[in-house]
Amino acid sequence: MSADALGAEADGFFDMLEERRRSSDLSYAFRSFNPLPYRGATDISASTLNRMVLESQYLSYVIQEIMLESDEPREMLLEEASALLDEMSQNLQLGFIRLLGYAMNKVFKSVFSSIHVNEDGLTRLQQAIQEYPVILLPNHRSYMDFLVLSYIMFTYDLSIPVIAAGIPLMGMKLIGEIFRRSGAFFIRRAIGSDKLYWAVLSEYVRTIVRTGYAPLEFYIEGLRSRTLKSLTPKLGMLHMVLEPFFKGEVFDISLVPISISYERVLEESLLAHELLGVPKPKETTGALLKARTVLKENYGCMHVFFGNPVSVRDLVKGKINHRQYNLVPRDLPMKPSKEMQEFVSGLAHTIIRLQERNVVLSAWNLMAVVLLQNLQGIDLDLLTQKTLWLRRLAQRFGAHLRWPENVSDSEVMSSSVSLHHSVVRCEGGRVYLVEEEGPGPVTQEEGVFKQAAAVLMCASYRNQAVHVFTRPAMVAVAMTTAASHRTDDIFHNFTFLLELFSNEFVVIPGQAVQDFEEGCSLLQESGVIGRSDEEIYVKDNGQETIIFLRAILQPFIESYQVVFRYLCEESSQTLSEKMFSTNIRSFIMKLLISGEVQSYECLSSDLHKNVLSALLRMDAVTKTKV
Ligand SMILES: CCCCCCCCCCCCCCCC(=O)SCCNC(=O)CCNC(=O)[C@H](O)C(C)(C)COP(=O)(O)OP(=O)(O)OC[C@H]1O[C@@H](n2cnc3c(N)ncnc32)[C@H](O)[C@@H]1OP(=O)(O)O
Ligand SMILES: O=C(CO)COP(=O)(O)O
């Protein structure tokens, strides 16, 4: 793959659709496909893989344990395990990849103006696949994510991955089976304490890694982020994929963080509505067919950045005592030690931070930040001026920005407004958020709901960029609330914010000092603050930036405050989680109508969930299972 062959752009990305638009869909689907597999891989079929799991010492041992705990006979447990495998296992076949390749080629060319992929990332991935088992770890914002990734792998002759998929997708008539044959393996939600299921799933995953069967792709966030902000990682699957390394069954494992960025997300309206309590449409083939009208729209460009493969071997050096694994025979289950759990958690959070680092932002993301601070509407000229100011700040903070070249700033702004016609409109030189079409609201609540949906849609695009600003913004808030200019005082408030918001913004556990230093040095290098040995102060010309950064966090702060207020004033001593989400919504709705609360984002169920998790973590509330 040479730069010229791929038509590489100045920033190392190339538009993979360019070539696709020049060739026929059919010849694309039937192209020769010759990936270079992992050197250590043995050639095994999907059914052999299942048999290996069923006949494994590990499963046999766990079944023995279950037999002792319950009265179920061995044969029955084996049958159960076999049925679980039938439900779970993938059955990857190239013919189905070609079929989907044909369909996806058509869809992508129609909905996206371009799909930019980083060329060096593909080259590194190709090498990594040949050397060690590879785990693909993308962020998850849309159903398009897994379709695009396999499409890229097929297009550039990279081994097709097997993908962990939530079980609802399996239930889709025909589509579920097509997905299975395109590499999806299905996992149940909320597995709980089902020992047999955990054993089958973890042995299945480990066998894929151990044999180098195919690259394994999974979504460490566990689901699509409804807010487009990173979610705190799930750890179960990461534990499973790392085990073959710790047990010495493979020399190393490469973890590849992947950052997928959309200029416009297909599910933008559905995601905002889910945050307001509208249930997710069930995954059915009928619903998919009905939703095909969304394919008539333009979703702008998308970027897929394949990050540097992370070597697990390099990472564990000096951190994990390998010897503990040598004490237990390889085939026996082993509960991860506390040290191991902390390592996996730190690693999972690091992966998400790496994904964030390579997200590509557009002018629209910055416009969304400004728009949310001007909900009454803003003159287009002022919006342009503020967006350009923010562009400079974001660049200083290390954001990856894609700003079209050879196009005037006003054109960049107007094309963003027109692409996002579902979120904003420009009338008489002023830009406003748009509310969904349909009959006018009958009640005040309906009016608030419509406004909140518009705000949450816009907020999701701000959220794509929020990781760039969180640390400096927390320093800005900490400086305003601290008792003095002393660094100690400011750091004290900063750590409180970091702890409080650590379900809201992904922070690597135990790195408060580094986070504080990062926030401070970004502000210092941008000329916003000055530091002496013991003090931090705002520079004269830094005030504007400090106010702006504080305003970014304001909707989050207000949302947390209003939930605290609800818990203190309104709720009885105990309440169920379900009651909590209904009651808190009507409590906030009243405050929004009365004008006591300003931010419509307070209605987001994601925020409510995060506040509860934070309070639980900080021992301010307790949770009991009834
Ligand atoms: C050319 C074109 C081609 C196109 C071709 C297209 C291809 C098209 C393919 C379609 C493909 C679709 C792809 C969709 C994409 C998704 O559907 S994303 C959603 C599915 N994927 C994932 O969720 C992956 C990440 N998830 C995880 O890692 C989760 O942890 C798991 C493993 C699913 C489990 O979920 P969970 O029950 O929420 O578990 P988790 O909170 O991690 O742990 C629960 C408890 O179990 C315990 N536990 C964990 N592991 C174990 C264990 N091994 N044993 C016992 N206990 C355990 C934990 O310690 C925890 O205990 P507590 O701390 O609660 O006491
Ligand atoms: O991630 C999934 C499929 O992409 C399934 O979970 P959600 O639909 O909840 O995001």
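Residues numbered from 1 in each chain as written. Chains lettered and ligands numbered in written order. Predicted model: local features only at pLDDT ≥ 70, side-chain atom pairs only at ≥ 80, totals over all residues. Heavy atoms only, no water.

Examining a negative patch on the surface
- A grouping of Glu 75, Glu 79, Glu 80 and Asp 194 is seen on the molecular surface, where their side chains present a negatively charged patch.
- Residue Asp 194 is classed as partly exposed on the basis of its relative accessible area, which comes to 34%. (Patch = residues over 30% accessible without salt bridge, like charges linked within 9 Å, V, L, I, M, F, W, Y side chains within 5 Å. Areas by Shrake-Rupley, 256 points an atom, 1.4 Å probe, with all protein chains shown as cover. Salt bridge = Lys/Arg side-chain N within 4 Å of Asp/Glu carboxyl O. Lys, Arg positive; Asp, Glu negative; His and termini not counted. Charge placed at Lys NZ, Arg CZ, Asp CG, Glu CD. Buried < 20%, exposed > 50% of the residue type's maximum accessible area, 1.4 Å probe, protein only.)

Looking at empty space enclosed by the protein
- The final tally for this structure, using the stated rule, is three cavities of 30 Å³ or more.
- Space inside the largest cavity adds up to approximately 200 Å³.
- Looking at the lining of the largest cavity, the elements that each hand over two or more residues are strand S7 (254-262), helix H17 (338-357), strand S10 (360-361) and helix H21 (444-481).
- Sort the elements by how many residues they give to the lining of the largest cavity and H21 lands first, with six residues.
- For the lining of the largest cavity, the class distribution of residues is ten nonpolar, nine polar and five charged. (1 Å grid on protein atoms, 1.4 Å probe; cavity = no way out; pocket = protein on both sides within 12 Å on 5 of 7 lines; lining within 4 Å. Points joined across faces, edges and corners; volume = space filled by probe spheres on them. Helix = DSSP H or I, 4+ residues; strand = E, 2+ residues; numbered from the N terminus. Nonpolar A, V, L, I, M, F, W, Y, C, P; charged D, E, K, R; others polar.)

Side note on the packing of helix H7 (residues 94-111) against helix H9 (residues 144-155)
- Put simply, H7 and H9 touch, their axes get as near as 10 Å, and they point 110° apart. By the angle class used here, H7 and H9 are roughly perpendicular. In this structure, H7 crosses over H9, and the sense of that crossing is left-handed. Contacts between H7 and H9 involve Leu 94, Ile 97, Arg 98, Gly 101, Met 104, Asn 105 and Phe 108 from the first element and Met 144, Leu 147, Val 148, Tyr 151 and Phe 154 from the second.
- Its residues assigned to classes, the contact of H7 with H9 comprises nine nonpolar, two polar and one charged. (Axes fitted to C-alpha atoms, helices over the stretch in contact; angles between N-to-C directions. Parallel < 35°, antiparallel > 145°, perpendicular 65-115°, else oblique. Left-handed = near helix turned anticlockwise from the far one by under 90°. Contact = heavy atoms within 4.5 Å.)

Regarding the site of ligand 1
- Close to ligand 1 lie 29 residues, the nearest being Gly 166, Trp 198, Gly 222, Lys 234 and Met 237.
- For ligand 1, an oxygen atom lies 3.2 Å from a polar atom in the side chain of Lys 234.
- Between ligand 1 and Met 237, the relevant distance is 2.8 Å, taken from an oxygen atom to a main-chain nitrogen or oxygen of the residue.
- The protein chains hide 74% of the 1400 Å² of surface that ligand 1 would expose on its own.
- Mapped onto the shell around ligand 1, the elements with two or more residues apiece are H7, H9, strand S4 (162-166), strand S5 (184-187) and helix H12 (236-246).
- By residue number, the principal contributor to the shell around ligand 1 is H9, which donates five residues.
- The class makeup of the residues in the shell around ligand 1 is 20 nonpolar, seven polar and two charged. (Near = heavy atom within 4 Å. Polar contact = N/O pair within 3.5 Å; in protein donor to acceptor, adjacent residues only side chain to side chain.)

Some thoughts on the site of ligand 2
- Close to ligand 2 lie His 140, Tyr 143, Phe 146, Arg 189, Leu 223, Arg 224, Arg 226, Lys 280 and Glu 283.
- At a separation of 2.8 Å, an oxygen atom of ligand 2 approaches a polar side-chain atom of Arg 224.
- Between an oxygen atom of ligand 2 and a side-chain N or O atom of Arg 226, the distance comes to 2.8 Å.
- Contact with the protein chains removes 91% of the 290 Å² of surface that ligand 2 exposes when unbound.
- Considering only residue class, the shell around ligand 2 consists of three nonpolar, one polar and five charged.

Points about the UniProt feature "domain: Phospholipid/glycerol acyltransferase" (unreviewed entry) in the protein chain
- On the UniProt side, "domain: Phospholipid/glycerol acyltransferase" (unreviewed entry) is annotated at positions that read residues 134-263 here.
- Along residues 134-263, the helical share is 36% and the strand share 19%, with 28 Å between the first and last C-alpha atoms. (UniProt positions renumbered as here; feature names shortened; annotations may be inferred.)

With respect to the pattern of salt bridges
- Scanning the model with the defined rule gives 39 salt bridges in all.
- With a shortest N-O distance of 2.7 Å, Arg 402 and Asp 11 are connected by a salt bridge. With Arg 402 in the loop between strand S12 (400-401) and helix H20 (409-419) and Asp 11 in the loop between helix H1 (3-6) and strand S1 (13-15), the pair connects residues that are 391 residues apart, well separated along the chain.
- The shortest N-O distance in the salt bridge between Lys 623 and Glu 577 comes to 3.3 Å.

Quick look at the sheet that holds strand S14 (residues 430-433)
- With antiparallel pairing, three strands are arranged side by side in an open sheet as S11-S14-S13. The open sheet has two edge strands, strand S11 (378-379) and strand S13 (424-427), and neither has a second partner.
- In this structure, S13 lies alongside S14, joined through four bridges in antiparallel fashion. Bridged to Glu 427 within S14 is Arg 430. (Pairing = 2+ DSSP bridges.)

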